[in-house]
Amino acid sequence: MLRETDVGSAGSGITTSNLETFVGCQQLVEALGDAVVICDGDGVIRFWNAAAERLFGFTLAEAIGTSLDLIIPERLRERHWAGYERTIATGQTRYQHDVLRVPAMHKDGRTLSIAFTVGLLLGPQRRVTGLVAVIRDDTKGFAELRDLRNRLAELEAKHSA
């Protein structure tokens with residue numbers, strides 16, 4: 001049974017049905033320029049929007065039902081999974097508000113630099129049942145920062161000599 005829900009600002013008089021709300025949320029997430037990836041408690045990808053396809057190169061069919069290992073460089077997997085499991089168990093992550101910047105893998109094998117935040121998805125008794133990440137490509141910004149740091153080191157070395 002569909003029910004109407006108030007949306008918008010208080011007193012706006014705008015209502016929508018559950019189905020319209022669901023469709024509207026899905027359209028919103030698909031319209032975003034940032035990748036949205038939702039995983040269950042085991043780290044299995046359950047949602048992958050069009051921006052995730054563009055960023056990582058994997059289609060929806062290739063990503064859904066697979067492990068996050070799909071985009072995590074092998075050398076970082078152990079550290080990633082330790083943090084993921086801790087977050088699921090404790091319901092705590094500092095990356096809900098702080099941006100995390102890490103390497104990731106594109107389908108073609110190249111390394112990307114990504115920046116993202118994490119949201120906790122809660123089930124009954126407010127236990128964490130999964131995570132949602134909002135991700136953007138930071139490869140260009142990372143390269144620029146690395147070049148600036150290298151240039152600074154060169155200038156400091158010249159000045160010290």
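What counts, and at which threshold
- Residues numbered from 1 in each chain as written.
- Predicted model: local features only at pLDDT ≥ 70, side-chain atom pairs only at ≥ 80, totals over all residues.
- Heavy atoms only, no water.
- Helix = DSSP H or I, 4+ residues; strand = E, 2+ residues; numbered from the N terminus.
- Pairing = 2+ DSSP bridges.
- Axes fitted to C-alpha atoms, helices over the stretch in contact; angles between N-to-C directions.
- Contact = heavy atoms within 4.5 Å.
- Buried < 20%, exposed > 50% of the residue type's maximum accessible area, 1.4 Å probe, protein only.
- Phe/Tyr/Trp six-rings, centres within 6.5 Å; stacked < 30°, edge-to-face > 60°.
- Expected span 1.5 Å × (residues − 1).
- Arc of directions from axis to C-beta.

Chemist: Help me understand unusual backbone geometry, please; the structure alone is not making it clear to me.
Modeler: Trans peptide bonds make up the majority, and among non-glycine residues the majority have a negative phi. Residue Q125 is not a glycine yet carries a positive backbone phi of 55 degrees. With respect to the element layout, Q125 can be found in the loop between strand 6 (111-122) and strand 7 (128-137). At R126, a position not held by glycine, the phi torsion is positive, near 55 degrees. Following the sequence through the fold, R126 ends up in the loop between strand 6 and strand 7.

Chemist: So what exactly am I meant to see when it comes to the sheet that holds strand 3 (residues 35-40) here?
Modeler: Taken together, the five strands give an open sheet; going across it, the order is 4-3-7-6-5, and neighbouring strands pair in antiparallel fashion. In this open sheet, the two edge strands, each paired with only one partner strand, are strand 4 (45-48) and strand 5 (100-105). For this sheet, the mean inter-axis angle between neighbouring strands, taken without regard to orientation, is 35 degrees. Bridge count between strand 3 and strand 7: six bridges; the pairing is antiparallel. The residue of strand 7 that forms the bridge with D40 is G130. The sheet contacts of helix 4 (residues 77-90) involve strand 3, strand 6 and strand 7, and relative to strand 7 the element is tilted by about 135 degrees.

Chemist: Would you take a moment to explain the pairing of strand 3 for this structure?
Modeler: Across a regular strand the side chains alternate sides, sitting on one face of the sheet and then on the other. With five of six residues buried, strand 3 lies mostly within the body of the structure. Sheet analysis places strand 3 next to strand 4, joined by three bridges and oriented antiparallel. Residue I38 lies in a different strand from strand 4, and its bridge partner there is F47. Linking strand 3 to strand 4, which pair antiparallel, is a turn of four residues; within it G43 sits at a positive phi near 85 degrees.

Chemist: Can you walk me through the packing of aromatic side chains in this structure?
Modeler: Two descriptors summarise a pair of aromatic rings, namely the distance from one centre to the other and the angle between the planes of the rings. Counted according to the given criterion, the structure contains two aromatic pairs. With a centroid separation of 5.6 Å and 35 degrees between ring planes, the pair formed by W48 and F56 is classed as tilted. Assigned by exposure class, W48 and F56 land together as buried. Both rings, one in W81 and one in Y84, keep their centres 5.3 Å apart while their planes meet at 65 degrees; by these two values the pair is edge-to-face. Taken together, the positions of W81 and Y84, both in helix 4 and three residues apart, correspond to about one turn of that helix. The exposure class of W81 is buried, given its relative accessible area of 17%.

Chemist: Is there a simple way to explain helix 4 in this structure?
Modeler: An α-helical turn contains 3.6 residues, so a residue and the one three or four places further along point in the same direction. Over its 14 residues, helix 4 runs 20 Å from end to end, which matches the ideal 20 Å to within 8%, given 1.5 Å per residue. Restricting attention to buried positions, one finds in helix 4 the residues W81, G83, Y84, T87 and I88. Viewed end-on, helix 4 has its buried residues packed into an arc of 165 degrees, placing them on one side of the element. Facing away from the buried side of helix 4, by more than 90 degrees, are the exposed residues E78, R79, E85, R86 and A89. Those residues of helix 4 that are buried lie in contact with strand 3, strand 6 and strand 7. Downstream of helix 4 by a residue or two, G91 has a phi angle that is positive, lying close to 70 degrees.

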